[in-house]
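# Geometric and topological summary
Residue strings, one per chain:
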Amino acid sequence: MAKGDELVKYITQRVVHYMDTPKDERKERRAQSKRKEPWSMKWFGMIPFAVSLWVGQKESSMKSKHRKHRSSNKREHNT
């Protein structure tokens, strides 16, 4: 019976604490818990972020090179 009493005591303490905290504070605490870092960042640190930036730069440079190449081809065709 002691475990049951401890459980009831614990639950009532949690409920009373919940009821005593203002609604605004509970909303703020809930909003903070929703702002979690991505799991990849949590497990591997800045490496996935750095790789994604590097890949993004490579893709954008490839696109700009492709655009330059296409525009130079158009100029040659028009002359």
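### What about the overall build of the chain?
Secondary structure assignment for the chain yields 4 helices and 0 strands. Its helices and strands taken in sequence order, the chain reads α-α-α-α from the N to the C terminus. Across the 79 residues in the chain, those meeting the buried criterion constitute 1%. By element, 59% of the accessible surface of the chain is carried by carbon and sulfur atoms, the whole surface being about 8100 Å².

### Topic: the packing of aromatic side chains
In the structure shown here, the tally under the stated rule is 1 aromatic pair. For Arg 26, the ring lying beneath its charged end belongs to Tyr 18, and the centroid distance is 4.3 Å.

### Section: a nonpolar patch on the surface
Residues Trp 39, Trp 43, Phe 44, Ile 47, Val 51, Trp 54 and Val 55 make up a contiguous nonpolar surface patch of roughly 870 Å² in combined accessible area. Looking at the nonpolar patch, the elements with two or more residues in it are α3 (39-44) and α4 (47-78). Sorting elements by how many residues they give to the nonpolar patch places α4 first, with 4 residues. Under the relative-accessibility criterion, Trp 54 is labelled exposed at 51%.

### Things to note about the pattern of salt bridges
Within this structure, the stated rule accounts for 1 salt bridge. Among the ionic pairs, Arg 29 bridges to Glu 25, the shortest N-O distance being 3.1 Å. Residue Arg 29 and its partner Glu 25 are located together in helix α2 (residues 23-34), separated by 4 residues, close to a single helical turn. For Arg 29, a relative accessible area of 47% gives the class partly exposed. On the basis of relative accessible area, Glu 25 is assigned to the partly exposed category, the value being 35%.

### Points about the confidence of the model for the chain
In the predicted model, the chain carries a mean pLDDT of 80, and the fraction of residues at 70 or more is 80%. The least confident element of the chain is α4, whose mean pLDDT is 72; the most confident is helix α1 (residues 2-20), at 92.

### Some details on the side chain of Thr 21
Relative to the assigned elements, Thr 21 resides in the loop between α1 and α2. Within the structure, the side chain of Thr 21 is placed 2.9 Å from the backbone oxygen of Tyr 18, a separation counted as a polar contact.

Cut-offs and rules
Residues numbered from 1 in each chain as written. Predicted model: local features only at pLDDT ≥ 70, side-chain atom pairs only at ≥ 80, totals over all residues. Heavy atoms only, no water. Helix = DSSP H or I, 4+ residues; strand = E, 2+ residues; numbered from the N terminus. Buried < 20%, exposed > 50% of the residue type's maximum accessible area, 1.4 Å probe, protein only. Areas by Shrake-Rupley, 256 points an atom, 1.4 Å probe, with all protein chains shown as cover. Phe/Tyr/Trp six-rings, centres within 6.5 Å; stacked < 30°, edge-to-face > 60°. Lys NZ or Arg CZ within 6 Å of the ring centre and 35° of its normal. Patch = residues over 30% accessible without salt bridge, like charges linked within 9 Å, V, L, I, M, F, W, Y side chains within 5 Å. Salt bridge = Lys/Arg side-chain N within 4 Å of Asp/Glu carboxyl O. pLDDT = per-residue confidence, 0-100. Polar contact = N/O pair within 3.5 Å; in protein donor to acceptor, adjacent residues only side chain to side chain.

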